[in-house]
Amino acid sequence: MLPTRVLRAARGPKPNITGFNMRAFKEAAGQPRYDPWERAEAWRYTGTFSRRNRFKGALPGLGTATVLFAGYCLYEHFFLDDEHHHATAHGQEEHH
């Protein structure tokens, strides 16, 4: 631990010059019994604007593109001729 932190910890908590205690204020406030804006804000989290619906259309072609790219990679790996590249890797001459 840093020496400055040790010295601060030894002195105790920093005194509040205003006398306002935020922790006591939050505890006294608690949860409001009635939120007047609750009904006005409810539309933001339901129906078309729910979290699922907001992110559903974020990347419209990603699923299709991923499947097609994986299919192409499999096709290239299993069906395309790869002998041309192997010849140069083994130190042999290229034949065009």
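All values reported here derive from a predicted model rather than from experimental measurement.

**Q** I'd like to hear about the packing of aromatic side chains, residue by residue, with values.
**A** With the rule as written, the count across this model stands at three aromatic pairs. Arranged with centres 5.8 Å apart and planes meeting at 45°, the rings of Phe20 and Phe25 form a pair that is tilted. Residue classification places Phe25 among the partly exposed residues on the basis of a relative accessible area of 47%. With a centroid separation of 5.3 Å and an interplanar angle of 85°, the aromatic rings of Trp43 and Phe49 are classed as edge-to-face. Classification of Trp43 as partly exposed rests on a relative accessible area of 43%. Of the residues examined, Phe49 reaches a relative accessible area of 42% and is grouped as partly exposed.

**Q** Pulling in residues and values, what's your account of the pattern of salt bridges?
**A** Across all of its chains, the model carries one salt bridge by this definition. For the salt bridge of Arg44 with Glu41, the shortest nitrogen-to-oxygen distance reads 2.7 Å.

**Q** Requested: an account of helix 1 (residues 3–11), with residues and values cited.
**A** Working note: α-helix, 3.6 residues per turn, so residues spaced by three or four point in the same direction. The element helix 1 is barely covered by neighbouring structure, given that only zero of its nine residues are classed as buried. Following helix 1 by one or two positions, Gly12 has its phi on the positive side, about 95°.

**Q** Outline a nonpolar patch on the surface, listing residues and values.
**A** A contiguous nonpolar surface patch, about 830 Å² in accessible area, is contributed by Phe69, Tyr72, Leu74, Tyr75, Phe78, Phe79 and Leu80. With respect to the secondary-structure elements, Tyr72 resides in helix 5 (residues 62–79).

**Q** Residue-level account of a positive patch on the surface, with values.
**A** Taken together, the side chains of Arg5, Arg8, Arg11 and Lys14 define a basic patch exposed on the protein surface. Positionally, Arg11 belongs in helix 1. For Arg11, a relative accessible area of 68% gives the class exposed.

**Q** For helix 5, give the residues involved together with the corresponding values.
**A** For helix 5, which comprises 18 residues, the first-to-last C-alpha distance of 25 Å matches the rise-based estimate of 26 Å (1.5 Å per residue) to within 8%. Summarising burial for helix 5: zero of the 18 residues are buried, a small minority.

Calculation rules
- Residues numbered from 1 in each chain as written.
- Predicted model: local features only at pLDDT ≥ 70, side-chain atom pairs only at ≥ 80, totals over all residues.
- Heavy atoms only, no water.
- Phe/Tyr/Trp six-rings, centres within 6.5 Å; stacked < 30°, edge-to-face > 60°.
- Buried < 20%, exposed > 50% of the residue type's maximum accessible area, 1.4 Å probe, protein only.
- Salt bridge = Lys/Arg side-chain N within 4 Å of Asp/Glu carboxyl O.
- Helix = DSSP H or I, 4+ residues; strand = E, 2+ residues; numbered from the N terminus.
- Patch = residues over 30% accessible without salt bridge, like charges linked within 9 Å, V, L, I, M, F, W, Y side chains within 5 Å.
- Areas by Shrake-Rupley, 256 points an atom, 1.4 Å probe, with all protein chains shown as cover.
- Lys, Arg positive; Asp, Glu negative; His and termini not counted.
- Charge placed at Lys NZ, Arg CZ, Asp CG, Glu CD.
- Expected span 1.5 Å × (residues − 1).

Treat this as a map of the structure, not an account of what it does.
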